[in-house]
Amino acid sequence: MFGERMVLGSPADVLAAIPYLVGFHPEESLVLVAMDGCGPGRRLVLTVRTDLPLQDGWDRRLLPVLEREGVEHVILAGYGPEALVTPATHTVIRRLGEAGVGVREALRAQDGRYWSYMCRSASCCPPEGSAYDVASSRVAAQATVAGLVALPDRAALARTVAPAEGLTRASMREATAREIAAFRTALAEAADPADFTAAFVAEGLAAVRDAIARAEAGDRLADDEAARLGLHLAVMRVRDEAWLLTDAAEHATHATLWSDLTHRLEAPFVPPAASLLAIASWQRGACTLAATAVDRALSINPRYMLARLLMHGLQACLPPAVVTAPMTTTALNATMGSPHPTWLTPLLSLLPPPEAPRLAG
């Protein structure tokens, strides 16, 4: 992970790293960066961002996480005007101290300059602040190589999982209608529903692997291919195959694929893709993008179980290891058994009712 390779030797380095750790350039925010131990071998444990002003109960959510991870020291960075950041920073420092967590550094950043709450020397911490530039930092270069991005703001992050509009939306709507019609026709004509289910699942498993391989090659699925994969992912066995494969390849590639599908699929078919995006993002340390993807899934289907589980894990700031696939493909096949027509029930529930035949006359 990016946080394990990075050398953060100065406040400017910390401020350059934070936008990549949270996925966007924070505004009116307080960010806590927790490292294990001290000295040059420190490893990033977690990064937590909260809006300012602080909301009631922030400490009840944060302190148990720090205790669970054995965090002894943190770095704080507040973004915004002094009147907003300073009271919150002092409150957090005091509450952390009561919990036995030390603060190595506490910064306020605004308009390309930063101030330290821990430094009292004008020689290194001038009253007008110290300049820093994220874009030109070596940290930004290393983060980019690691596949991380820092979007302009949180709204830009939300737009990465927002539904496509215009010609893209119209084309995907037509492609989805074609794939639904083809699926219905094939199902209606199938001599044996069990054989049809087995063939559809096998097709979906192959489609997932093909989509990942093409994403690794920089290729993008055509609209009909994306729509068909959206139908396949509604089947839990196919979705879980994609989940299993996130452990075997670069998470950034998976994030690109599932982000594209979250953006393009018709709304009923988005929750599986958005959940897979959340898993891939979480595993590579992009927790804010993961939470944004989960929000998109739940806004469409509040009862989608995988998204709900991911939401609870993210809210508890659990480590990415909790979203590694629960078993191997072999174990999954043994657990689920042979494909059964009931496997198609979640997909069938998403399909719109067929149009009534038009009467002549």
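Scroll up to find the structure.
Below is a short write-up of the structure. Just so we're clear, the structure is a prediction, and the values are computed from it rather than from any experiment.

Considering the nonpolar core
Across soluble globular proteins, nonpolar side chains show a tendency to be buried alongside one another. In terms of nonpolar packing, the biggest core is built from 86 residues, with Leu233, Trp258 and Leu261 touching the most fellow members. Per-element tally for this core: the top contributor is helix 12 (residues 270-283), with 9 residues. Look past the residues within four positions of leucine 233 in its chain and what remains in contact with it is Val208, Val238, Arg239, Trp258, Leu261, Pro272, Ala273 and Leu276. Core analysis: the second largest hydrophobic core is formed by 23 residues, Leu63, Val74, Leu96 and Ala106 among them.

Thoughts on the state of the cysteines
By definition, a disulfide links the sulfur atoms of two cysteine residues through a covalent bond. Summed over all chains, the structure comprises 1 disulfide. Paired by a disulfide, cysteine 119 and cysteine 125 hold their sulfur atoms 2.4 Å apart. Negative torsions about the S-S bond denote left-handed disulfides, and the value of about 115° found for cysteine 119 with cysteine 125 makes this one right-handed. Given the relative accessible area of 22%, cysteine 125 is considered partly exposed. Among the cysteines around cysteine 287, which has no disulfide bond, cysteine 317 carries the closest sulfur, lying 7.4 Å off.

Observations concerning the pattern of salt bridges
For the structure on display, the rule yields 21 salt bridges. In this structure, the salt-bridge partner of aspartate 260 is arginine 220, at a minimum N-O distance of 3.0 Å. With aspartate 260 in helix 11 (residues 251-264) and arginine 220 in the loop between helix 8 (193-216) and helix 9 (223-233), this pair connects stretches of sequence that are 40 residues apart. By relative accessible area, which is 16% here, aspartate 260 ends up buried. In this structure, the salt-bridge partner of arginine 264 is aspartate 223, at a minimum N-O distance of 2.7 Å. One end of the pair, arginine 264, is in helix 11; the other, aspartate 223, is in helix 9, and 41 residues separate them in sequence. Residue class for arginine 264 comes out buried when judged on its relative accessible area of 0%.

Cut-off values and rules
- Residues numbered from 1 in each chain as written.
- Predicted model: local features only at pLDDT ≥ 70, side-chain atom pairs only at ≥ 80, totals over all residues.
- Heavy atoms only, no water.
- Core = buried A, V, L, I, M, F, W, Y, C linked by side-chain atoms within 4.5 Å.
- Buried < 20%, exposed > 50% of the residue type's maximum accessible area, 1.4 Å probe, protein only.
- Helix = DSSP H or I, 4+ residues; strand = E, 2+ residues; numbered from the N terminus.
- Contact = heavy atoms within 4.5 Å.
- Disulfide = S-S within 2.5 Å.
- Salt bridge = Lys/Arg side-chain N within 4 Å of Asp/Glu carboxyl O.

On their own, these measurements won't tell you what the molecule is for.
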